[in-house]
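Notes for the structure review
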Amino acid sequence: LREHEEFTKVKNIATIELGRYEIETWYFSPFPPEYNDCLKMYFCEFCLNFMKRKEQLQRHMRKCDLKHPPGDEIYRSGTLSMFEVDGKKNKVYGQNLCYLAKLFLDHKTLYYDVDLFLFYVLCECDDRGCHMVGYFSKEKHSEESYNLACILTLPPYQRKGYGKFLIAFSYELSKKEGKVGTPERPLSDLGLLSYRGYWTRVLLDILKKHKGNISIKELSDMTAIKAEDILNTLQSLELIQYRKGQHVICADPKVLDRHLKAAGRGGLEVDVSKLIWTPYK
Ligand code: ACO
Ligand code: ZN
């Protein structure tokens, strides 16, 4: 599959139909060769199987009995649910999700070895079922302390705070694991903007409430954000000074307030009390 991608890096599929949306694609995705002549593709919004023709999808929808992603519902708050899908137990679903995601991810080498990943699929639920909004993937075991491999909010749902919700969720999982985490690099422009926004908001909120000195290590323990990401974020906010060979956080209240005003909306909150999850073993 990767070879195929190297051959034809031209965007093939121009639009997809997914649930009630028709979505324009952004990038090339290495679908199997028989889809090469296909301008529009039809996805089952629940099992993510894809088809070339509308009639095929309609026939499929009559017999597909999924109404939500396969796997365990690990979070529910209001109409929002998060499902954990094990790529080893649901290989086809994992592969379909990767094909779909690649349409909106540029630089990422996609892993077709979905066995090694867990997929966290965020849904908006109603009486017709649980409709995928976005997802992130996570390696079952990461040597580099990555807590997120790929993140996507489907275009119709973008810019509504779901991205920050997914990022916050990935750090809540890391907290439950008792580990610090960081997203896999490289980040896309939109990915970097979203992470910068999340890190900034979380760190400013703590610094604002905290009395007295606090170290980067302490911030890292509280947030599960890797120390390096904290240092970079605080440096870009000009909240770090270098004294006697050490980085020191200088959180002047006026400067904090100025940054907080500029930091934008907080996004959708993750209600940790609604997360029922134990780390993968
Ligand atoms: N223009 C300017 N700023 C933006 C834009 C945009 N189009 N989109 C997001 N941002 C910034 C904003 O600061 C925004 O916060 P604000 O709305 O409070 O100002 C912040 O990012 C996050 O916004 P959300 O609404 O929480 O995020 P969204 O649901 O749109 O998802 C995501 C962000 C996942 C990066 C989305 O843009 C996406 O799926 N992009 C395509 C795939 C991609 O690039 N993924 C990241 C690859 S890197 C990796 O996977 C490790
Ligand atoms: Zn289906």
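Parameters at a glance
Residues numbered from 1 in each chain as written. Chains lettered and ligands numbered in written order. Predicted model: local features only at pLDDT ≥ 70, side-chain atom pairs only at ≥ 80, totals over all residues. UniProt positions renumbered as here; feature names shortened; annotations may be inferred. Helix = DSSP H or I, 4+ residues; strand = E, 2+ residues; numbered from the N terminus. Contact = placed C-beta atoms within 7 Å. Near = placed C-beta within 6 Å. Nonpolar A, V, L, I, M, F, W, Y, C, P; charged D, E, K, R; others polar. Pairing = 2+ DSSP bridges. Axes fitted to C-alpha atoms, helices over the stretch in contact; angles between N-to-C directions. Left-handed = near helix turned anticlockwise from the far one by under 90°. pLDDT = per-residue confidence, 0-100.

The chain carries the name Histone acetyltransferase in an unreviewed UniProt entry, which gives Acer saccharum as its organism. For the chain, the Subcellular location (unreviewed entry) comment in UniProt is given as "Nucleus". Under the UniProt heading Sequence similarities (unreviewed entry), the entry covering the chain gives this text: "Belongs to the MYST (SAS/MOZ) family."

**Remarks on the UniProt feature "active site" (unreviewed entry) in the chain**
Annotation from UniProt places "active site" (unreviewed entry) at Glu-184. Here Glu-184 is to be found in the loop between strand 11 (182–183) and helix 5 (189–209). Setting aside chain neighbours within four positions, we find Glu-184 in contact with Tyr-146, Leu-148 and Ala-149.

**Observations concerning the site of ligand 1**
Around ligand 1, the surrounding shell holds 26 residues, and the nearest of these are Thr-153, Gln-158, Gly-163, Ser-188 and Gly-191. At the level of secondary structure, the elements contributing two or more residues to the shell around ligand 1 comprise strand 10 (151–153), helix 4 (162–177) and helix 5. The residue makeup of the shell around ligand 1, split by class, is 11 nonpolar, 10 polar and 5 charged.

**Section: the pairing of strand 6 (residues 80–86)**
Sheet topology places strand 5 (residues 72–77) next to strand 6; 5 bridges connect them, and they run antiparallel. Within strand 6, the position partnered with Arg-76 by the bridge is Ser-81. The turn joining strand 5 and strand 6, which pair antiparallel and follow one another in sequence, is formed by 2 residues; a positive phi near 60° is taken by Gly-78. In the sheet, strand 6 pairs with strand 7 (residues 117–126) via 7 bridges, with the strands oriented antiparallel. The partner of Phe-83 across the bridge, within strand 7, is Val-121.

**Overview of the packing of helix 4 against helix 5**
Where helix 4 contacts helix 5, the axes come no closer than 10 Å and their chain directions differ by 65°. Helix-helix and strand crossings are classified by hand; for helix 4 and helix 5 the assignment is right-handed. On helix 5, the residues touching Gly-163, Lys-164, Ile-167 and Ala-168 of helix 4 are Ser-194, Tyr-195, Gly-197 and Tyr-198. Across the contact of helix 4 with helix 5, the residue classes break down as 4 nonpolar, 3 polar and 1 charged.

**Focus: the environment of Val-133**
Tracing the backbone shows Val-133 in strand 8 (residues 129–139). Residues Val-133 and Pro-279 lie 146 residues apart in sequence; the distance between their C-alpha atoms is 23 Å. Not counting residues up to four positions away in its chain, the partners in contact with Val-133 are Leu-122, Cys-123, Glu-124, Thr-153, Leu-154, Tyr-157 and Tyr-162.

**A closer look at the confidence of the model for the chain**
Residues of the chain with pLDDT of at least 70 account for 94%, and the chain-wide mean is 93. A low-confidence stretch, residues 1–8 stays under pLDDT 50, and its non-local contacts, those more than four residues away or across chains, total 4 contacts. For this predicted complex, the interface score ipTM comes out at 0.97, while the overall pTM is 0.95.

**Observations regarding the sheet that holds strand 4 (residues 50–51)**
Taken together, the 4 strands give an open sheet; going across it, the order is 2-1-3-4, and neighbouring strands pair in mixed fashion. Of all the strands in the sheet, the pair left with one neighbour each is strand 2 (21–24) and strand 4. In the sheet, strand 1 (residues 15–18) pairs with strand 2 via 4 bridges, with the strands oriented antiparallel. The residue bridging Leu-18 from the neighbouring strand is Tyr-21, located in strand 2.

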